[in-house]
Amino acid sequence: MKHSFLRINTLSAVLLAMTAQVMAQEPTPPYLDNNHPIEVRVEDALSRMTLKEKIAIIHAQSKFSSPGCPRLGIPELWMSDGPHGVRMEFVWDNWDHADWTNDSCTAYPALTCLAATFNPELAFKYGNAIGQEARYREKDVILGPGVNIYRTPLSGRNFEYMGEDPYLSSRMVVPYVKGMQQNGVAACLKHFALNNQEKDRDKINVEVSDRALYEIYLPAFKAGVQEGGVWTVMGSYNKFRGQYCSHNDLLINQILKKDWGFDGVMMTDWGSAHDTDEAARNGLDLEMGSWTNGLTWGLSSAYDDYYLAQPFLKKIESGELPESLLDEKVRRVLRLTFRTSMNRNRPYGCKLTPEHAEIARKIAEEGIVLLKNENHFFPIEKGRYQKIAVIGENAVKQLSLGGGSSELKPQKEISPLEGMIEKYGKEHILFTLGYASGEPNYSNELPSGLDADSLVQEALKVAREADVVLFFGGLNKNFQQDCEGDDRRSMDLPFGQNELIEKIIQVNPNTGVILISGNAVSMPWLSQIDGLMQSWYLGSQAGTATANIICGEANPSGKLPFSIPVKLEDNSAHYFGAESYPGVNGTQYYKDDILVGYRWHDTKKIDPLFPFGYGLSYTTFQYGKARTDKKTYRADESVKISFTLKNTGDTPGAETVQVYMSQKKPSVLRPVKELKGFKKVFLQAGEEQVVEIEIPVRSFAFYDEQTADWKLENDSYSLHVASSSKAIQATAKIQVKN
Ligand code: BGC
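Residues numbered from 1 in each chain as written. Predicted model: local features only at pLDDT ≥ 70, side-chain atom pairs only at ≥ 80, totals over all residues. Heavy atoms only, no water.

This brings us to the pairing of strand β6 (residues 232-235). Neither face of β6 is open: one carries Thr232 and Met234, the other Val233 and Gly235, and all of them are buried. The pairing of strand β4 (residues 186-192) with β6 spans three bridges and is parallel. Following the sheet pairing, Leu189 is matched in β6 by Val233. In this structure, β6 lies alongside strand β9 (residues 265-267), joined through three bridges in parallel fashion. If you follow Val233 over to β9, its bridge partner there is Met266. (Buried < 20%, exposed > 50% of the residue type's maximum accessible area, 1.4 Å probe, protein only. Helix = DSSP H or I, 4+ residues; strand = E, 2+ residues; numbered from the N terminus. Pairing = 2+ DSSP bridges.)

Given below as structure tokens:
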């Protein structure tokens, strides 16, 4: 008894001593307390920082990080590209890969493929999956997604974007951002704005009308900000109306921050700042990757020389610039920090899980577009042929490498050849390269080292022996292909592929082509083949998805996110010559204005080879009549348009139904049609469904340059239910009356 009394007494003494110690400690400051609202934490942290600490937190300390505020325990922010997976690690202060052994990732299909799925649910899963991998790798910001508009098939980075239509990219970017950010990892919308070509991207000045700016080039950014709630935006390298976009008053201060209410961090692209005063005043919050000359190379460890570093500090100290400009930037960086690296509630993430592989495969399968299928060329069911020739470098080339900043180090990348062997058995596949390119290199075209003639001869020999030939070609991530920093030189297939395809068809007419690219290519051999697929940079599960589609275990349901013109001059940007693309004397005029992509082809009656929204299936669909819930609508209402859709074939499949709007008598030029809604509908063989799509009437408005606002005119409007931008299946007419 006495013994236990003593023990209790000792315990109380210890507890008392501990309590006294705790009471003597400082209370947790508000900025460290997760229970306080973020704005309270931001103001508290800001009030504790010295001028030098505030300057430090708004620019990089290494290639991919900013320093935080170590004295206050505010951690660094770590960033990584984006947008198709979490990039490998780099050394602190140059562009050498760090060669870690734990920095591999799942490579997801390129964003063109995601757009081709027309499936926003997959965009959410995509964003979430990368967010999980980023979180596991302790990244706070992923530098993506890219939502620049596909204006020309030559642009080196179209594969990183979501096609030519502002509505499609808006619908896909929102779930991507939400999926990612629910992991406490910021998405970064890039490249704001008008970075629609890579050629001369560091200096080109873009002149474009307000109407095209608001109707074509900004909607996906706006949706990402307002509906997606994105936490960071990256400025582009180019200029807009004479001012660099990364410190462009109109784009950032007026549109992004004032009109759209963006409360996150506006950061540079790597080396896109050029001027301290403009950077200070025009809304730039965080400077990354630059040197004093505005390029991504120069002296080593020059971080203190950044425009927003010592030069900014000096101007504040001398009174030339007010400290309030700095405080506003720091607030935003702190807000981002509390949302990400100091968010104690964020999940831990995971990487390379079977679910990640599944998502990558599913997106790849749903994105592949069947462009031509005559005489039942596809699917090639198992057992149909004894000898299948797989010819072409893209059947084996590792396409997650190269291309610039979107390069990835996938833990595995199943090539199309591996997928085909797995599916049909090694004994049924004959493989040869046919053509070859060199290793990907950012700024040079490297030779392959193989003899082109011998490759052709070998390919013809293999083609002769086979029952069917599948040619896997297209572009790759080499310099001046689908690669950052420059554009393609022409719309033609590179590395002698056109000639090779023609020769193969001569020796074996039973040939199909699988194009892997992020851009449209010209197809002089098209009429001579029965089977054609547009595939993409598909990432880790490329081979599995491709083989599943080819053999019919998966039914193609992808639709083109861009128009494929017959020839380059048929594309709107090129139609107007060098002033429109690539620019003359440092400036380009977007003379195509609002008529980009199918808007151009439709309105100017220039038939594309394959239209936007086009894609076949192994089954067929029948559309019923279109009905709307009313006949007359006010601006604040939505039209509910409905119709029946039936799978009339004997295979389950999905159809992306699209709704395009045409205005009857607009007071300004309007495109013949504009996409306003879509839905991907999965139907069993023989199944019929009533499909309903809801479209806000306000989305019929155009941007009126006279009033600098959106204008919805009282008029009659047609809503076309369509299976592509060229294939209207049913139409309903409505009136708008306010
Ligand atoms: C690219 C960005 C990328 C950054 C960091 C730049 O060259 O334009 O898209 O996020 O590098 O790698």
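That covers the picture; the talk isn't over yet.
Once that is clear, we can look at empty space enclosed by the protein. Counting across every chain of the model gives two cavities of 30 Å³ or more. Here the largest cavity defines a volume of roughly 70 Å³. Lining the largest cavity, in full, are His84, Ala107, Tyr108, Ala110, Leu399, Ser400, Ser406, Leu408, Lys477, Tyr537 and Gly539. When grouped by side-chain class, the residues that make up the lining of the largest cavity number six nonpolar, four polar and one charged. The volume enclosed by the second largest cavity comes to roughly 50 Å³. Every residue along the wall of the second largest cavity is listed here: Tyr150, Arg151, Glu164, Ser563, Pro565, Asn571, Val596, Gly597 and His601. (1 Å grid on protein atoms, 1.4 Å probe; cavity = no way out; pocket = protein on both sides within 12 Å on 5 of 7 lines; lining within 4 Å. Points joined across faces, edges and corners; volume = space filled by probe spheres on them. Nonpolar A, V, L, I, M, F, W, Y, C, P; charged D, E, K, R; others polar.)

This part takes up the packing of aromatic side chains. Enumeration over the complete set of coordinates arrives at 30 aromatic pairs. Relative to Tyr703, the ring of Tyr214 lies with its centre 4.1 Å away and its plane at 10°, an arrangement referred to as stacked. Residue Tyr214 is located in helix α7 (residues 210-217), and its partner Tyr703 is located in strand β24 (residues 702-704); the two are separated by 489 residues in the primary sequence. Judged by relative accessible area, Tyr703 falls into the buried class, the value being 5%. One aromatic cluster is present, built from ring pairs that chain together Phe118, Tyr167, Tyr598, Phe612, Tyr660 and Phe678. Sitting over the face of the ring of Tyr590, Arg151 holds its NZ or CZ atom 3.8 Å from the ring centroid. Positioned above the aromatic ring of Tyr537 is the side chain of Lys477, whose terminal nitrogen or guanidinium carbon lies 4.6 Å from the ring centre. (Phe/Tyr/Trp six-rings, centres within 6.5 Å; stacked < 30°, edge-to-face > 60°. Lys NZ or Arg CZ within 6 Å of the ring centre and 35° of its normal.)

Here the focus is the state of the cysteines. This structure, assessed with the given rule, holds zero disulfides. In this structure Cys105 is not part of a disulfide, and its nearest cysteine sulfur, from Cys350, lies 13 Å away. A residue is classified by how much of its surface remains accessible, and Cys105, at 1% relative accessible area, is buried. In this structure Cys483 is a free cysteine whose sulfur lies 18 Å from that of Cys105, the closest cysteine sulfur available. Assessed through its relative accessible area of 1%, Cys483 is described here as buried. (Disulfide = S-S within 2.5 Å.)

Taking strand neighbours across the sheet as the criterion, the six strands line up as β1-β2-β3-β4-β6-β9 in an open arrangement whose pairing is mixed. Among the strands making up the open sheet, the edge pair consists of β1 (65-66) and β9. Summarising the sheet, strand β3 (residues 141-142) and β4 pair through two bridges and their orientation is parallel. Directly across from Ile142, in β4, lies its bridge partner Ala187. Its contacts with the sheet place helix α8 (residues 219-226) against β4 and β6, and it is angled at close to 160° to β4. (Contact = heavy atoms within 4.5 Å. Axes fitted to C-alpha atoms, helices over the stretch in contact; angles between N-to-C directions.)

Every one of the 14 residues lining the ligand counts as a neighbour, but Asp81, Arg157, His191, Asp269 and Glu484 are closest to it. At a separation of 2.8 Å, an oxygen atom of the ligand approaches a polar side-chain atom of His191. In the model, an oxygen atom of the ligand is placed 3.1 Å from a nitrogen or oxygen of the Tyr237 side chain. A per-class count over the shell around the ligand returns five nonpolar, two polar and seven charged. (Near = heavy atom within 4 Å. Polar contact = N/O pair within 3.5 Å; in protein donor to acceptor, adjacent residues only side chain to side chain.)

Take helix α9 (residues 249-259) next. Taken together, the buried positions of α9 are occupied by Leu251, Ile252, Ile255, Leu256 and Lys257. Mapping the buried residues of α9 onto a view down its axis gives an arc of 160°, with all of them on the same face. Two or three places before Leu250, at the opening of α9, Asn248 has a side-chain oxygen 3.2 Å from that residue's backbone nitrogen. At the C-terminal side of α9, Gly261 shows a positive phi close to 70°. (Arc of directions from axis to C-beta.)

Assignment of secondary structure puts Glu366 in helix α13 (residues 354-367). When residues no more than four places from it in sequence are discounted, the contact partners of Glu366 are Ala116, Thr117, Asn119, Leu122, Ser557, Gly558, Lys680 and Phe682.

The sheet built from four strands is open, its strands ordered β8-β7-β5-β16 with mixed pairing. Both edges of this open sheet fall to β8 (243-244) and β16 (587-589), since each of them pairs with a single strand only. By the bridge criterion, two bridges tie strand β5 (residues 205-207) to strand β7 (residues 239-240) in an arrangement that is parallel. Within β7, the position partnered with Asn205 by the bridge is Lys239.

The next thing to look at is unusual backbone geometry. In this chain, Asp81 is followed by Gly82 through a cis amide linkage whose omega measures 10°. Mapped onto the elements of the fold, Gly82 is located in the loop between β2 (77-80) and α4 (111-117). For the peptide bond that leads from Gly144 to Pro145, omega is 10°, which places it in the cis range. Structurally, Pro145 can be placed in the loop between β3 and α6 (166-181). The phi dihedral of Glu138 falls on the positive side, at around 60°, and the residue is not glycine. By the secondary structure assignment, Glu138 is in the loop between α5 (120-136) and β3. Its relative accessible area of 57% is what places Glu138 among the exposed residues.

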